[in-house]
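Chain residues, written in single-letter form:
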Amino acid sequence: MNRRELLKAAAAIPLLPGADWSRLADARGEDGVQNQTVSRVRPGDAGWPTEESWNKLSRAVEGRLIKVNSPLSACREAPDSPACAEVFKGLRNPYYIGDQVALTQTSGWVGAWTSQPSVYAVAARKTDDVVAAVNFARENKLRLVVKGGGHSYQGTSCAADSLLVWTRDMNAISLHEAFVGQGCEGAQGPQPAVSVGAGARWLAAYEAVTVRGGRYVQGGGCTTVGVAGLIQSGGFGSFSKNYGLAAAGLLEAEVVTADGVARIANARTNPDLFWGLKGGGGGSLGVVTRLTLRTRELPQFFGAVSGTIRARSDTAFRQLIARALSFYADRLLNPHWGEQMRFGPGNKLEIFMLFQGLNQRQAEEAWKPFRDWLAASPRDFTIEAPIRMAAVPARSFWNAAFLKMFAAGVVVTDDRPHAPAGNFYWAGDRDQVGQVLYAYRSAWLPVSLLQEKERPLLVEALFESTRHSGMSLHFNKGLAGAPAEEIEAAKDTAINPAVLDAFALAICAASGPPAFPGVKGHEPNLNAAGRAASSVTKSMDKLLEVVDEAGSYVSESDFFEPQWRRSFWGSNYPRLAAVKKKYDPEGLFTVHHGVGSEQWSADGFRRLGSGGRP
Ligand SMILES: Cc1cc2nc3c(=O)[nH]c(=O)nc-3n(C[C@H](O)[C@H](O)[C@H](O)COP(=O)(O)OP(=O)(O)OC[C@H]3O[C@@H](n4cnc5c(N)ncnc54)[C@H](O)[C@@H]3O)c2cc1C
C-alpha cells in the first residue's frame, strides 16, 4: 500500500469508530499481496495458550506476568469522565507514560499505527524472566514485542494481541573502574565503564556516571529514552560530534536470543551478534538485558547557545541561510558543537546549539563573526531572541537540582505526587510527549554540500524546503567533523555508513497532541494530519534534490520509507541479515522495517511466501 492510499484510508477512518490503522495497513501487506500463511496466534485462535499455560508462565516469572489493561479503557467507556481527563493529563508526562505497561511515548502515527496494548506482559526483573517469556512466546507461536523506554516513533515496541517483555524494572546501574569483557582478557585492556540494565532511561545513566561519578557516557539527548532502544539504533547525543555514536561505546551486552539462551556479546564472544546490536535496530535480534558502555573523561564545561532571527525578505533569508551554513562550516564543524539550527517558514532561523569543552569566553569568541554579521545588517533581520550562550560545569548538566535553580526554563519536571525529585526532561522535547505523528522524514547530508562549490545548491534547496515546512539540521547526528577514532569506531557498527561523512541529519516532522481513534473528544485531527504530511513531503523532497540516495536514521525516519533497508543500513544490510538469520532464523523478533521483517506481514503475524515484500 503506498503512502497516498494510506492517507486516503486514514481519511475514511471517522466512518469506522475505533478503527485501528495498523490493521488497516496490515490487511493487504505493504505490497498489496494477500498473505496466506498463519504463523502466529491471537486470542480466540485454537492455538492460543490456555489459562493454565499462562498461570504456569506467571509462576515461572514469580508473578510478574501482567494481564494488560490500558488506562485508555476509562476513556473508551466514559470520555468525559475525570478518570479520562487524568489519563490525558498523564499523556503529557513522559514519566507517567514510561510507567504504564499499556502505553508508548508516541500515541500513534496517522495512517501508520496506533499504540496498542499487549494482551499479557512480563514485567521482567531478571534475565530468567526474559528467558521464560521468550521460550513461552516461541513455543506457543505468539507475537512477541519488547519495550524499554517506549520512545519508538515507528510503533515497534507495541503490538495488539501480543506478549510483551517490558524491561522497565531492569534498571540497575553499576560503575566499573577497569572493565574487561567476558572472553576479552588479554585482548582488550581494562577500561572505565558503566553497566546499565536494559530498562534504564538515559537520565539515570547520566546521574550515575556524570552527576555522581564525574565522568561521561555517550547516550541520547532526550532524558527519557531507553538505553537499549537507543544503542540498538546507533544513538546520538548532543555531544556525539566529540564522543561519536552511542553504539560505538558498547563494550558488552547480555542478550536473550530466540532460542531462549542468555548470551554475552562483545568483541570476542559472539562478535557478529555484538556488531548487529550496535545500530542494527531494536527488537530484531533478541532481548537485551544489560549493556556495558565505556565512560570517558568529563570536560570542564558544557554549554548552550540559543537565538531566533527573522529575515525581512526572501532575499535576506537566502543570505541568512548561506551565512549560517558558511559560519557553521568555518567555525562550528568540529567536536565542540552539536544540536540544531532550524530553518522555518516565515523566513525564520532558530538556533539551539550545545557545546562541550569550551568555556563561556571561547564560545562567545566562536560566535562573534556571526553576531557581527547580523549586527551589520539591521535592516535585513529582526532579532526576535538575541543569540545568547551559557557555559555550565559539565558535572551539573544533568543535575535536576542545579537546573531547577539556574535554568528553570529549560527543564520540565515530573509533576506527579511522590515523583522522584531528579526526574526531568528538556523543555524542547515537550511537544513530543504523547504526540501523534502526522509525518516524519530525515536524511543525512554529506559534508561535501558545505564545500563552496556545492553550498549555493544547498542554500537554495533549504530555502525552497522552508516554503513548505520547517527543516532542522541536527549537526550532532552526522559524524563529519568528529575525531578520526570516533569515525573509525562507528565504522564497526551496523549503522548506514552514510553517517560517517554526513555533517548533519536533516529532520522534517509534524505532529499533534495525544489522541486515539475511537476516544471521543480525543480523536486525531485527520485534516491537520493530511495537510502537515503533504507539507513535510514537499519540504523534504525539495531538500533531497541535492542529495543522491540519502540515508536516514532508523529511529528517526519515515514509517513509509520505501527503501528502508538501503536507507537505514546501506551496504551493511546483507551482513546484518546474516546475523539475523543465525540468531533468529524463525523470525521470533519482528518489528516494522527491522532486519528480516520483509519476510513478515506488516502486523508481524504471518510469514510471507518466498521473497517477502519487494
Ligand atoms: C522524544 C524523543 C527524543 C529522542 N531523542 C533521540 C536522541 O536524542 N538521539 C537518538 O539517537 N534518538 C533519539 N530518539 C529516538 C530513540 O533513540 C529511539 O526511538 C529508541 O529506539 C528508543 O528506545 P526506547 O527504549 O525508549 O524505546 P522503545 O520503544 O521501548 O524501543 C525501541 C525499539 O527498541 C526495541 N527494544 C527496546 N528495548 C529492548 C531490549 N531490551 N532488547 C531488544 N530490543 C529492545 C523495541 O522493541 C523497539 O523496537 C528520540 C525519540 C523520542 C520519542
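This text follows the structure it describes.
Everything numeric in this text was worked out from a predicted model, so none of it was measured.

A few words on the site of the ligand. Taken together, 33 residues form the shell around the ligand, and within it Val-146, Gly-150, Ser-157, Phe-236 and Tyr-553 come nearest. Within the backbone of Gly-150, a nitrogen or oxygen atom sits 2.7 Å from an oxygen atom of the ligand. Between the ligand and Gly-226, the relevant distance is 2.8 Å, taken from an oxygen atom to a main-chain nitrogen or oxygen of the residue. Look at the ligand: alone it shows 940 Å² of surface, and the protein chains cover 96% of it. Among the secondary structure elements, those contributing two or more residues to the shell around the ligand are strand E5 (143–147), helix H9 (227–233) and strand E12 (287–294). The element contributing the most residues to the shell around the ligand is H9, with five residues. Here the shell around the ligand is built from residues that sort into 12 nonpolar, 19 polar and two charged.

What follows concerns the sheet that holds strand E7 (residues 173–179). The antiparallel open sheet is built from five strands, whose spatial order is E7-E8-E12-E10-E11. Looking at which strands have only one partner, the edges of the open sheet turn out to be E7 and strand E11 (262–266). Across the sheet, the mean angle from the axis of one strand to that of its neighbour is 20°, orientation sign disregarded. Direction of pairing for E7 relative to strand E8 (residues 191–197): antiparallel, over a ladder of five bridges. The residue bridging Ile-173 from the neighbouring strand is Val-196, located in E8. Across the sheet, helix H8 (residues 202–212) is in contact with E7, E8 and E12; its angle to E7 comes to roughly 50°.

Let us now look at unusual backbone geometry. It is generally the case that most residues other than glycine have a negative phi and that most peptide bonds are trans. Phi is positive for Glu-62, close to 50°, though the residue is something other than glycine. Relative to the assigned elements, Glu-62 resides in the loop between helix H3 (51–60) and strand E1 (65–67). Not every positive phi belongs to a glycine, and Glu-339 is a case in point at roughly 75°. With respect to the element layout, Glu-339 can be found in strand E15 (residues 337–344). Under the relative-accessibility criterion, Glu-339 is labelled buried at 14%.

The rules we used
- Residues numbered from 1 in each chain as written.
- Predicted model: local features only at pLDDT ≥ 70, side-chain atom pairs only at ≥ 80, totals over all residues.
- Heavy atoms only, no water.
- Near = heavy atom within 4 Å.
- Polar contact = N/O pair within 3.5 Å; in protein donor to acceptor, adjacent residues only side chain to side chain.
- Areas by Shrake-Rupley, 256 points an atom, 1.4 Å probe, with all protein chains shown as cover.
- Helix = DSSP H or I, 4+ residues; strand = E, 2+ residues; numbered from the N terminus.
- Nonpolar A, V, L, I, M, F, W, Y, C, P; charged D, E, K, R; others polar.
- Pairing = 2+ DSSP bridges.
- Axes fitted to C-alpha atoms, helices over the stretch in contact; angles between N-to-C directions.
- Contact = heavy atoms within 4.5 Å.
- Buried < 20%, exposed > 50% of the residue type's maximum accessible area, 1.4 Å probe, protein only.

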